[in-house]
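Given next are the chains, with one letter for each unit.
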Amino acid sequence: MYILDYLPKGRGDLPPHKRHPTVYGIGENQFTLLELVPKSDSSFTIGERIYVGKDANKRQKIAKIKGRINYEDMTSSAHGEMFYVILDIVKNNKERFLKFYNEAPAISTRFHVLELLPGLGKKMMHDILEERKKKPFTSFEEMCERIDFLRAPDRLIAKRIELELTDPDQKYRLFTRPPIQKSYY
């Protein structure tokens, strides 16, 4: 789990009697957004990686997981930091995302998963497919060297993850879980 925002005095939009210290985080596997309750006397930095697994004894900074949330439930500060934290997660898990570029399948005869990456057009998609047939990609830098005009393939993935988290109506989810369906009854 990576920290997106820390509110030591709680959310300012809540009445004072309902304010409690709050932490917003994003998971590194399915990019799940969570609201967390910190242990007292804990402090956090944006982008910090912390443990929030099931073993409460290993949780050094988090008292409990309040629950899964959607993008619109977070603070504007968390919104502003999210892309950069996602990009760090992508860079720290290069093998996983290089595997995506090396193995991404076609969705249909006319549409490929790679086309879902914002800013990646048909020509660049064809170039990636041709190059990966010759030899799998071993780094993002190597991808850029082998494919003309490709810049920052890690940023393309981070932008796709951000899009999946910010737009609940995305038809295809390559990296994230669907948003929580809220009932209004």
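Our subject in this report is the structure included herewith. (Residues numbered from 1 in each chain as written. Predicted model: local features only at pLDDT ≥ 70, side-chain atom pairs only at ≥ 80, totals over all residues. Heavy atoms only, no water.)

Turning our eyes to something else, we now look at the sheet that holds strand 3 (residues 33–38). Strand order in the open sheet formed by four strands is 1-2-3-4, with antiparallel pairing between adjacent strands. Two strands close off the open sheet at either side, each with one partner strand: strand 1 (2–7) and strand 4 (62–68). Going from strand to strand, the sheet's axes swing by 30° on average, the running direction of each strand aside. Bridge analysis of strand 3 against strand 4 gives five bridges, and the strand direction is antiparallel. By the bridge assignment, Val37 is partnered in strand 4 with Lys64. Helix 1 (residues 76–92) rests against strand 1, strand 2 (22–26) and strand 3 of the sheet, and its axis sits at about 155° to strand 1. (Pairing = 2+ DSSP bridges. Helix = DSSP H or I, 4+ residues; strand = E, 2+ residues; numbered from the N terminus. Axes fitted to C-alpha atoms, helices over the stretch in contact; angles between N-to-C directions. Contact = heavy atoms within 4.5 Å.)

Taken as a class, soluble globular proteins show a tendency for nonpolar side chains to be buried jointly. Judged by nonpolar contacts, the single largest core of 42 residues is most densely connected at Ile26, Tyr101 and Leu114. Among the elements of the structure, strand 1, strand 2, helix 1, helix 2 (94–103), helix 3 (122–134), helix 4 (140–146) and helix 5 (153–166) are those that each provide at least two residues to this core. The element contributing the most residues to this core is helix 1, with eight residues. Discounting chain neighbours no more than four positions away, the residues touching Leu114 are Phe100, Tyr101, Ala104, Leu120, Met125, Ile128 and Leu129. Val23, Leu36, Ile50 and Val52 belong to the second-largest nonpolar core, a separate cluster that totals nine residues. (Core = buried A, V, L, I, M, F, W, Y, C linked by side-chain atoms within 4.5 Å. Buried < 20%, exposed > 50% of the residue type's maximum accessible area, 1.4 Å probe, protein only.)

Our next topic: the packing of aromatic side chains. If you walk through the whole model with that rule in mind, you get seven aromatic pairs. Judged by centre distance (5.5 Å) and plane angle (80°), the ring pair of Phe83 and Tyr84 falls under edge-to-face. On the accessibility criterion, Phe83 (6% relative accessible area) is buried. Ring geometry for Phe100 versus Tyr101: centroids 5.8 Å apart, planes at 65°, classification edge-to-face. Three or more aromatic residues joined by ring pairs form one cluster here, namely Phe31, Phe97, Phe100, Tyr101 and Phe175. A cation over an aromatic ring shows up here: Lys61 above the ring of Phe44, its NZ or CZ 5.2 Å from the ring centre. Above the ring of Phe83, the side-chain terminus of Lys159 is found at 4.7 Å from the ring centroid. (Phe/Tyr/Trp six-rings, centres within 6.5 Å; stacked < 30°, edge-to-face > 60°. Lys NZ or Arg CZ within 6 Å of the ring centre and 35° of its normal.)

The subject of this paragraph is the packing of helix 2 against helix 5. It is the contact of helix 2 with helix 5, at a shortest axis distance of 11 Å, that shows an interaxial angle of 90°. It follows from the interaxial angle that helix 2 and helix 5 lie roughly perpendicular. The residues of helix 5 that touch helix 2, namely those facing Phe97, Phe100 and Tyr101, are Pro153, Leu156, Ile157 and Ile161. Classifying every residue of the contact of helix 2 with helix 5 by side-chain character gives seven nonpolar, no polar and no charged. (Parallel < 35°, antiparallel > 145°, perpendicular 65-115°, else oblique. Nonpolar A, V, L, I, M, F, W, Y, C, P; charged D, E, K, R; others polar.)

Time to look at the environment of Ile46. As for its placement among the helices and strands, Ile46 is situated in the loop between strand 3 and strand 4. Owing to a relative accessible area of 41%, Ile46 belongs among the partly exposed residues under this scheme. For the pair formed by Ile46 and Tyr24, sequence separation is 22 residues and the distance between their alpha carbons is 9.7 Å.

Next up on the list: the environment of Ser43. Position of Ser43 among the secondary structure elements: in the loop between strand 3 and strand 4. Sequence separation of Ser43 and Lys61 is 18 residues, and the distance between their C-alpha atoms is 7.8 Å. Apart from residues no more than four positions distant in its own chain, Ser43 is found in contact with Tyr6, Glu48 and Lys61.

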